[in-house]
Amino acid sequence: SARMNLKTAQLANFFSRNAKRAMPSSTLLFKPAPKKYDFKIHASLCIHRVIDSGAMDSLIRLLCWPNPKVQFSRTAGDALIDRARSQEASMFYRDTDADVLLFVDDDISYRPEDAVKVCREAFERKAIVGATYVNKKESYTWITAKPLNGEPIDFKEDAVPVEVRWVATGFMAIPRNVLTEMIE
């Protein structure tokens, strides 16, 4: 529809507002969702002090993604990330009808289709699914997951999910059934 095309064009203009930091044209316009999903996502941001501009751009694009439906909440100003995530998980479980809780750190940039892919995997597997990323510090660098049985983790477009011993919570999807099982 003409109204949706205008909205998409306005958002594309918003995302390319700074020529030096303009995103590749492939990420500016929203691609139609490949199929109709039968689950809802609740995206949660736990913000200690500020949200990175790339993370905010990613969140806006995810909230505009046509399918599945995405809702959002945030906890701000709490330096204890475990407590903030616990509060967000409780609110998700108690106050929403969403099927998957998506935790995203305030400094993680991502494509909306990748967030949907992680949430779809969690929903279909009925298990926690996380997307690993590289964490960089001055003295060392590491990936945010520990592979199970030394199995390698591939960083590529069509990578197959692998079981891990643990995964960081910076980009993690938790289906509602996991929280129900914890409560019961």
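Refer to the structure above for everything that follows.
Keep in mind it's a predicted model, so treat the numbers as computed, not measured. (Residues numbered from 1 in each chain as written. Predicted model: local features only at pLDDT ≥ 70, side-chain atom pairs only at ≥ 80, totals over all residues. Heavy atoms only, no water.)

> Please explain the environment of P161 as it appears in this structure.
Examined against the element boundaries, P161 turns out to sit in the loop between strand 7 (145–147) and strand 8 (164–167). Non-local contacts of P161, meaning those with residues more than four positions away in its chain, are made with E121 and R125. (Helix = DSSP H or I, 4+ residues; strand = E, 2+ residues; numbered from the N terminus. Contact = heavy atoms within 4.5 Å.)

> For this particular structure, what's the right way to read the pattern of salt bridges?
Between side chains of opposite charge, pairing is possible as soon as their charged atoms come close. Inspection of every chain in the model, using the stated rule, returns nine salt bridges. For D95, the salt bridge is made with R94, and the minimal N-O distance between the two is 3.3 Å. Where D114 meets R111, a salt bridge forms, and the shortest distance between an N and an O atom there is 2.9 Å. Overlapping salt bridges, with partners in common, bring together R120, E121, E124 and R125 in one network. (Salt bridge = Lys/Arg side-chain N within 4 Å of Asp/Glu carboxyl O.)

> Explanation requested: the environment of R125 in the structure shown.
Mapped onto the elements of the fold, R125 is located in helix 5 (residues 112–125). A residue is classified by how much of its surface remains accessible, and R125, at 46% relative accessible area, is partly exposed. For the pair R125 and P175, spaced 50 residues apart in sequence, the C-alpha to C-alpha distance is 8.9 Å. (Buried < 20%, exposed > 50% of the residue type's maximum accessible area, 1.4 Å probe, protein only.)

> Please explain the environment of E113 as it appears in this structure.
By the secondary structure assignment, E113 is in helix 5. On the basis of relative accessibility, which here comes to 22%, the residue E113 falls in the partly exposed class. Along the chain, E113 and R61 lie 52 residues apart, while their C-alpha atoms are 9.6 Å from each other.

> Could you clarify how one ought to interpret the packing of helix 4 (residues 81–95) against helix 6 (residues 176–183) in this entry?
Helix packing geometry: the angle between the two helix axes and the distance between the axes. Put simply, helix 4 and helix 6 touch, their axes get as near as 11 Å, and they point 100° apart. In terms of axis orientation, helix 4 runs roughly perpendicular to helix 6. Note on element contacts: helix 6 touches helix 4 through R176, L179, T180 and I183, opposite A89, F92 and Y93. Split by residue class, the contact of helix 4 with helix 6 holds five nonpolar, one polar and one charged. (Axes fitted to C-alpha atoms, helices over the stretch in contact; angles between N-to-C directions. Parallel < 35°, antiparallel > 145°, perpendicular 65-115°, else oblique. Nonpolar A, V, L, I, M, F, W, Y, C, P; charged D, E, K, R; others polar.)

> Please explain the packing of aromatic side chains as it appears in this structure.
The relative placement of two aromatic rings is captured by the distance of their centres and the angle of their planes. Inspection of every chain in the model, using the stated rule, returns three aromatic pairs. Each ring, one from F39 and one from F123, has its centre 5.0 Å from the other, and the planes form 25°; the classification is stacked. Highlighted residues: F39 in the loop between helix 2 (25–28) and strand 1 (41–47) and F123 in helix 5, separated in sequence by 84 residues. Accessibility expressed as a relative area gives 22% for F123, which makes it partly exposed. Pairing Y110 with F171 gives two aromatic rings, centres 5.1 Å apart and planes at 55°, and the pair type is tilted. With Y110 in the loop between strand 3 (100–105) and helix 5 and F171 in strand 9 (residues 171–175), the pair connects residues that are 61 residues apart, well separated along the chain. For the pair Y110 and F171, a shared accessibility class is recorded, and that class is buried. Looking at K126, its charged tip hangs above the ring of F123, at a distance of 5.5 Å from the centre. One cation-aromatic arrangement involves R176 over F92; the distance from NZ or CZ to the ring centre is 4.6 Å. (Phe/Tyr/Trp six-rings, centres within 6.5 Å; stacked < 30°, edge-to-face > 60°. Lys NZ or Arg CZ within 6 Å of the ring centre and 35° of its normal.)

> Looking at this structure, I do not really get unusual backbone geometry. What am I missing?
Note: most residues except glycine have negative phi, and most peptide bonds are trans. Look at the link from N67 to P68: it is a cis peptide, with omega at 5°. With respect to the helices and strands, P68 occurs in the loop between helix 3 (53–64) and strand 2 (70–76). Despite not being glycine, K126 has its phi angle at roughly 55°, a positive value. Mapped onto the secondary structure, K126 falls in the loop between helix 5 and strand 4 (129–130).

> Before we go on, may I ask you to explain the pairing of strand 1 in this structure?
Within a regular strand, the side chains alternate between the two sheet faces. Among the seven residues of strand 1, seven are classified as buried, and the element is accordingly described as predominantly covered. Both faces of strand 1 are covered, namely the face carrying I41, A43, L45 and I47 and the face carrying H42, S44 and C46. With respect to chirality, the unit in which strand 1 leads through helix 3 into the neighbouring parallel strand 2 is right-handed. Summarising the sheet, strand 1 and strand 3 pair through six bridges and their orientation is parallel. Each bridged residue has a counterpart across the sheet, and for H42 the counterpart in strand 3 is L101. (Right-handed = clockwise from strand over helix to strand, strands pointing away. Pairing = 2+ DSSP bridges.)

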